[in-house]
Amino acid sequence: GSSLCSRPHPLPPLGAMLASVVRRRCLATSASGHAIGARFVLRSARPSAAGRRLAATAARLGGGDGAAIVEAPAKRRWALKGVGGITVLVATAVAIDEGFRRCLQFWLLILPIYAHYFYVDKIRYPANQGGPSGAQAREAAFEVLHARYSPIIEWATRYMRGFYLKAAQIMSMRDDFLPETYLKWTRRLQNEAPVVLQGIDARRFVAKELGLSSAGDGDVAEVFIEWEDEPLGSASIGQVFRARLRSTGEQVAVKVQSPGIEDLFRADIRTLKFFTAFALPWAVQNMNAIEKMFSSEFDYTLEQRNMEAIRETLLPKWGGRIRVPKPFPEFSTPRVLCMELLEGEKLVDGVRRRFRAMAEREGRDPETYEEDHLRALREGRVKARSAWVVRWQASLWRVWRRLRWGSGAAGEVLDFGEITETLLAIHGEQVLRHGIFNADPHPGNILLLKDGKLGLIDFGQVMHLSPDFRVCLARLFLALARRDVAAVARHERECGMRTRYQREDVRYRVCSFWMDRDTEEIMQGLNLQDFMAWAEFEDPVLEYPEDLYLVCRCSVMIRSLALAFGVRLSTAQHWRPYAEEVLRQHGLPLE
């Protein structure tokens, strides 16, 4: 009711909710002259504690000790027994299975919210009806819903963590996917994930994983001469701690996986796959690819090998501009990863710190300054510009600030054009030249280092592409660079994409969004969710290869990061040289 709308509430304990259901059923039945005993609850030979508590509740409300049941019509009696049996099964599953409990919590929370949004969207204020006044009323109704439910969903996301936290981070990558009310807190989750494991619990876990003799006491001194209990950072599946190796004296970052997180993730993904099947049909194929991609996320030995492979392919050329941490395999396990510590700050933190400094110099509130900037981009009052324009503007801005406020003020200006172009070029080289790339380049995985370089971290979702697939990709990117509608549709099919009608005009726009650009020509005034719903309606996807989806995801994530800084990039234009190189290496013509 009204209290639920006014502030975020914890999810009600499931046992209490089930007991409430039984209590209401018992009271209703007693009022009609049919007392309920405990016999239907105690059918199980070995009922759970939850089942015994529910039985006692039913007996108490039904009157007496529950041993006798007043005769009732056979159908009514069997119905009551059926309800009781289902209640026992649910209560037992909740008590035993964590995945089932989380699934039930999700549906109990989301279904009423989804139904309310569906009612406003499809029944109360249907789109494209009522003219301008109808559109205003529709928008106002949605703003009320956002204000009402956003705090509740934020609390639930932080409380449940797991894949729900990761999904919130992914959705916050673009300004046009979530309403502003939701976008504010999902952006914070990119670097403010709740801490699950810290202090002595983290040290005990690491000591046990490394097989140290004093694991029970949480003593890691055999390996680390220093260990800071406060995490350096927290992510969706674990935390990172600062330590110093006894053997070499090097400072390291120790990534520790939260116990039981893999099971939570898998249960959450299954739940969200079912939800997207009817709520967001266009996202079903994406969820399938995400589920498969996360199958390797929880093996830190695989991440260690990925890190070594990325270092070997990137550092010879890009070592002057980026750093990738060096892993220490001898102090790593499938759930603990020890690596070189990169001194710096997350890109998002660096941007916010510079925003604060600039706002303070201009006498403005830092949060308002940042929000005004993002709102201006979102509303189109500040247009996204090409990277070279942004780079020239950054140079001029540095000179002006140095002249007005001194040399220190010039350092507050970040060249977003150079940063985003570098990131896009690096990933283009990885995808097309080397066939190994990080499919999860979100802002939390990019650092601004003290030496001025970019630090790349978190390689749990590194993907490998075959030479044949890279040839198909190269042809597709060149077709996108030429703006060739027929060739884009044809080469997308060669990459494995299958749709019901194979409409070239639809596939050209959708493929351009994922793999090249999201200009007005492509989006035509639609936000991301409406655009994808339009595409699914016009030409439903039947098969979306995992490799192709992850390349698309990589392209969109980097471009979305650039858009947040006011930079508009074309993936196809930046990756064109690598695509041409692939075709030349295979002796193929440049179409």
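Residues numbered from 1 in each chain as written. Predicted model: local features only at pLDDT ≥ 70, side-chain atom pairs only at ≥ 80, totals over all residues. Heavy atoms only, no water.

(A) Representation of the side chain of Arg517 in the model. With respect to the helices, strands and loops of the structure, Arg517 is situated in the loop between helix H20 (504–515) and helix H21 (520–523). Overall, the relative accessible area of 4% leaves Arg517 in the buried class. Polar side-chain contacts of Arg517 include one of 3.0 Å to the side chain of Tyr508. At a separation of 3.1 Å, a polar atom in the side chain of Arg517 contacts the side chain of Glu521. The contacts of Arg517, once residues within four sequence positions are left out, are Leu480, Arg483, Tyr508, Ser512, Ile522, Arg559 and Leu569. (Helix = DSSP H or I, 4+ residues; strand = E, 2+ residues; numbered from the N terminus. Buried < 20%, exposed > 50% of the residue type's maximum accessible area, 1.4 Å probe, protein only. Polar contact = N/O pair within 3.5 Å; in protein donor to acceptor, adjacent residues only side chain to side chain. Contact = heavy atoms within 4.5 Å.)

(B) Inspection of the pairing of strand S4 (residues 251–257) at higher detail. Extensive coverage of S4 is indicated by the burial of 6 of its 7 residues. Judged from the 7 bridges that link them, strand S3 (residues 238–245) and S4 form a sheet pairing that is antiparallel. Residue Phe241 lies in a different strand from S4, and its bridge partner there is Val254. Between the end of S3 and the start of S4, which pair antiparallel, lie 5 residues, with Gly249 showing a positive phi angle near 80 degrees. Pairing of S4 with strand S6 (residues 336–340) involves 5 bridges; the strand directions are antiparallel. (Pairing = 2+ DSSP bridges.)

(C) The packing of helix H5 (residues 98–124) against helix H6 (residues 131–160), seen in detail. Closest axis-to-axis distance for the H5/H6 pair is 10 Å, and the angle between their directions is 170 degrees. One element, H5, and the other, H6, form an angle in the roughly antiparallel class. Touching Arg101, Arg102, Gln105, Phe106, Leu109, Ile113, His116, Tyr117, Val120 and Asp121 of H5 are Arg138, Ala141, Phe142, Leu145, His146, Arg148, Tyr149, Ile152, Ile153, Ala156, Tyr159 and Met160, all from H6. (Axes fitted to C-alpha atoms, helices over the stretch in contact; angles between N-to-C directions. Parallel < 35°, antiparallel > 145°, perpendicular 65-115°, else oblique.)

(D) Geometry of the sheet that holds strand S11 (residues 454–456). Spatial strand order, S5-S11-S10-S7: 4 strands in an open sheet with mixed pairing. Looking at strand neighbours, the two that pair on one side only are strand S5 (322–323) and strand S7 (344–346), the edges of this open sheet. Across 3 bridges, strand S10 (residues 446–449) lies against S11 in antiparallel orientation. What sits directly across from Leu447, in S11, is Gly455. Its contacts with the sheet put helix H17 (residues 416–434) on S5, S10 and S11, and the angle it makes with S11 is roughly 40 degrees.

(E) Main features of helix H7 (residues 162–171). With 8 of its 10 residues buried, H7 lies for the most part within the structure. Buried within H7 we find Gly162, Phe163, Tyr164, Leu165, Lys166, Ala167, Ala168 and Gln169. The inward-facing, buried residues of H7 abut H5, H6, helix H8 (180–188), helix H10 (261–279) and helix H11 (284–293).

(F) Expanded view of the packing of aromatic side chains. Applying the stated criterion across every chain yields a total of 25 aromatic pairs. Between Trp155 and Tyr159, the aromatic rings sit 4.6 Å apart at their centres with planes inclined by 15 degrees, giving stacked as the arrangement. Note that Trp155 and Tyr159 are positioned in helix H6 at a spacing of 4 residues, about one turn of the helix. Taking the relative accessible area as the measure of exposure, Trp155 reaches 26% and is therefore partly exposed. With a centroid separation of 5.8 Å and an interplanar angle of 80 degrees, the aromatic rings of Phe163 and Phe265 are classed as edge-to-face. Highlighted residues: Phe163 in helix H7 and Phe265 in helix H10, separated in sequence by 102 residues. The same class applies to Phe163 and to Phe265, which are both buried. (Phe/Tyr/Trp six-rings, centres within 6.5 Å; stacked < 30°, edge-to-face > 60°.)

(G) Here's a closer look at the nonpolar core. Leu473, Phe477, Met515 and Leu548 are the most contacted members of the largest nonpolar core, which totals 127 residues. With 11 residues, helix H18 (residues 467–482) is the single largest residue contributor to this core. For Met515, the contacting residues outside a window of four places in its chain are Leu473, Leu476, Phe477, Leu480, Leu548, Val551, Cys552, Ser555, Arg559, Thr571 and Ala572. Grouped together as the second largest cluster of nonpolar side chains are 22 residues, Leu197, Ala202, Val254 and Val336 included. (Core = buried A, V, L, I, M, F, W, Y, C linked by side-chain atoms within 4.5 Å.)

(H) Main features of the packing of H18 against helix H23 (residues 546–564). Their axes nearest at 12 Å, the elements H18 and H23 cross at an angle of 45 degrees. Regarding the angle of H18 to H23, the classification is oblique. For the element pair H18 and H23, the recorded crossing hand is right-handed. Every residue of H23 that contacts H18 at Phe469, Leu473, Leu476 and Phe477 is listed here: Asp547, Leu548 and Val551. By residue class, the composition of the contact of H18 with H23 is 6 nonpolar, no polar and 1 charged. (Left-handed = near helix turned anticlockwise from the far one by under 90°. Nonpolar A, V, L, I, M, F, W, Y, C, P; charged D, E, K, R; others polar.)

(I) Geometry of the environment of Glu226. As for its position among the elements, Glu226 is in strand S1 (residues 224–227). Separated by 19 residues in sequence, Glu226 and Leu245 place their C-alpha atoms 7.4 Å apart. Excluding anything up to four places from it in sequence, Glu226 contacts Ala243 and Arg244.

(J) Structural view of the confidence of the model for the chain. The predicted model of the chain averages 80 in pLDDT, with 76% of residues at 70 or higher. In the model, residues 1–48 has pLDDT below 50 throughout and makes 82 contacts with residues more than four positions away in sequence or in other chains. Across residues 57–72 the pLDDT falls below 50, and counting only partners more than four positions away or on other chains, this stretch makes 33 contacts in the model. (pLDDT = per-residue confidence, 0-100.)

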